[in-house]
Amino acid sequence: MAQPFLERNLRIAPIDVFIDPPQPRARAIITHGHADHARSGHGAVLATPDTIAIMKTRYGEDCAGRFQPLPFGEKLDIDGVTISLHPAGHILGSAQVLMEHQGQRIVVTGDYKRLPDRTAQSFELVECDLLVTEATFGLPVFQHPAPQAEIARLLRSVAAFPERAHVIGCYALGKAQRVISLLREAGYTAPIYLHGAMIRLCELYVERGIPLGDLRHSLDIPKSELAGQIVIAPPSAIKDRWSRRLPDPVLAVASGWMSVKQRARQSGVELPLVISDHADWNELRETIGETKASTVWVTHGREDALVYWSQQQGLAAEPLRIEAYEDGPEEVE
Ligand SMILES: [Zn+2]
Ligand SMILES: [Zn+2]
């Protein structure tokens, strides 16, 4: 492949635009609203309308100098580079970025998953010459179970312990709404109670057309009434004083990381739910193959195994080490 027009720090060289830059930049394309991708303080931001709404909700209306919405599938020409955004299936509005320039096609996946999810636009496969893929779960041990099976385990536990509350630690953007939606899909129609940190983003999802059913603020509810109920809270809240307001809570966490049994045990989680918003090892490999990319750059996670696997397939592959992409403690996507 000819010299790529994307640099390894995800700067689109011919037009001086950065993708998900960790530092404030004059012009940025943002793949999705998670804090390790969407920062405040850029001059101009190009993103999907949902991502722009999420950024404004989290960081305030003025979190960038200017916003330019680009709906999925629409092409935008910037000085000879054609940009389009394609669903990544990770959270509401999450996008892969396709760049075309002088016959070369480059895709940056951002975070993605391919399992159906009613709270995110479905992943779309985009063929390209160079694929920049995430690798959060880029090891063969990561093979996520069906989320419906995890939700069924949760509902069995709720039925078995009618005197206890079930509190589920969920990242506030994406995971919380997906878990609620999976519960509704499984036929759970009772009210679901929210920690205060969940409310704004759940409201935003509903405003943007994602039905979540009967949601209530847990603060307003007497302790005794929460027996037998499901409460959604940030992972950091489930073990602090906040959870003492709940009757004998069963502590659950919904995260792809819950497949690491030791991690679940160490964090005192009684009911680990393996529900991931990232591609697992099989999805990562399938996707690399299906894009027909001849060159693969691997970033944002466990790069080495996926680089090695890609090289075995005859592809040019290398890791990108973008330091600021490390997940913060709350990023248990
Ligand atoms: Zn993410
Ligand atoms: Zn991420």
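Our subject is the structure listed above.
Residues numbered from 1 in each chain as written. Chains lettered and ligands numbered in written order. Predicted model: local features only at pLDDT ≥ 70, side-chain atom pairs only at ≥ 80, totals over all residues. Heavy atoms only, no water.

**Student:** Please explain the sheet that holds strand 15 (residues 250-254) as it appears in this structure.
**Tutor:** The strands that make up a sheet are held in pairs by hydrogen bonds between backbone atoms, and each pair lies either parallel or antiparallel. Taken together, 6 strands build an open sheet; the order of strands is 13-12-14-11-15-16 and the sheet is parallel. Each edge of the sheet is formed by a strand with only one pairing partner; in this case those strands are strand 13 (215-217) and strand 16 (271-273). Strand-to-strand twist across the sheet, computed as the mean angle between neighbouring axes with direction ignored, equals 30°. As judged from the 3 bridges shared by strand 12 (residues 192-194) and strand 14 (residues 230-233), these two strands associate in the parallel manner. Bridge pairing in strand 14 links Leu194 to Ile232. The sheet contacts of helix 2 (residues 147-160) involve strand 11 (166-169), strand 14, strand 15 and strand 16, and relative to strand 16 the element is tilted by about 155°. (Pairing = 2+ DSSP bridges. Helix = DSSP H or I, 4+ residues; strand = E, 2+ residues; numbered from the N terminus. Axes fitted to C-alpha atoms, helices over the stretch in contact; angles between N-to-C directions. Contact = heavy atoms within 4.5 Å.)

**Student:** What exactly am I supposed to notice about the coordination of the zinc ion (ligand 2) here?
**Tutor:** Each donor-metal-donor angle would ideally measure 109.5 degrees in four-coordinate tetrahedral geometry, or 90 or 180 degrees in six-coordinate octahedral geometry. The coordination sphere of the zinc ion (ligand 2) contains the protein donors Asp36 (OD), His37 (NE2), Asp111 (OD) and His300 (NE2), at a distance range of 2.2 to 2.6 Å. Geometry at the zinc ion (ligand 2) is irregular, judged from the 4 donor atoms that bind it and their angles of 83 to 161° at the metal. For the zinc ion (ligand 2), the donor residues sit on a single chain with the sequence spacing D-H-x73-D-x188-H. For the pair the zinc ion (ligand 2) and the zinc ion (ligand 1), the metal-to-metal distance amounts to 3.4 Å, and Asp111 bridges them. In this pair, His37 sits in the loop between strand 3 (27-29) and strand 4 (42-47) while Asp111 sits in the loop between strand 9 (104-108) and strand 10 (130-135), placing the two residues 74 residues apart along the sequence. The residues His37 and Asp111 share a single accessibility class, namely buried. (Donors = N, O, S within 2.8 Å, 3.2 Å for Na, K, Ca; no water. Tetrahedral: all angles 85-135°; square planar, octahedral: opposite > 155°, others 65-115°. Buried < 20%, exposed > 50% of the residue type's maximum accessible area, 1.4 Å probe, protein only.)

**Student:** Quick question: what am I supposed to make of the coordination of the zinc ion (ligand 1) here?
**Tutor:** All of the protein donors around the zinc ion (ligand 1) are His32 (NE2), His34 (ND1), His90 (NE2) and Asp111 (OD); their distances to the metal are 2.2 Å. Around the zinc ion (ligand 1), the 4 donor atoms sit at angles spanning 90 to 168°, and that spread fits a shape best called irregular.

**Student:** Looking at this model, I keep getting lost on the nonpolar core. Mind explaining?
**Tutor:** What tends to happen in soluble globular proteins is that the nonpolar side chains get buried as a cluster. Formed by 36 residues in total, the largest nonpolar core has its most connected members in Leu154, Ile168, Val179, Leu183, Ile230, Ile232 and Leu273. For this core, the secondary structure elements donating two or more residues are helix 1 (49-59), helix 2, helix 3 (175-185), strand 12, helix 4 (199-207), strand 14, strand 15 and strand 16. Residues contacting Ile230, with those up to four places away along its chain left out, are Leu154, Leu155, Val158, His166, Ile168, Leu183, Tyr188, Ile192 and Tyr193. Counting 25 residues, the second-largest nonpolar core is a separate cluster that includes Phe5, Leu6, Val17 and Ile322. (Core = buried A, V, L, I, M, F, W, Y, C linked by side-chain atoms within 4.5 Å.)

**Student:** Is there a simple way to explain the packing of aromatic side chains in this structure?
**Tutor:** Working definition: an aromatic ring pair is given by the centre-to-centre distance plus the angle between the planes. Tallied over the entire structure, the rule returns 4 aromatic pairs. Measuring from ring centre to ring centre gives 4.9 Å for Phe137 and Phe142, while their planes differ by 70°; the resulting arrangement is edge-to-face. Accessibility assignment for this pair places Phe137 and Phe142 in one class, buried. Here the aromatic rings of Phe137 and Trp257 are separated by 4.5 Å at their centres, their planes lie at 50°, and the arrangement is tilted. Placement of Phe137 in the loop between strand 10 and helix 2 and of Trp257 in the loop between strand 15 and helix 5 (261-266) is noted, with a sequence separation of 120 residues between them. In terms of burial, Phe137 and Trp257 fall into one category: buried. A network of ring pairs unites the aromatic residues Phe137, Phe142 and Trp257 as a single cluster. (Phe/Tyr/Trp six-rings, centres within 6.5 Å; stacked < 30°, edge-to-face > 60°.)

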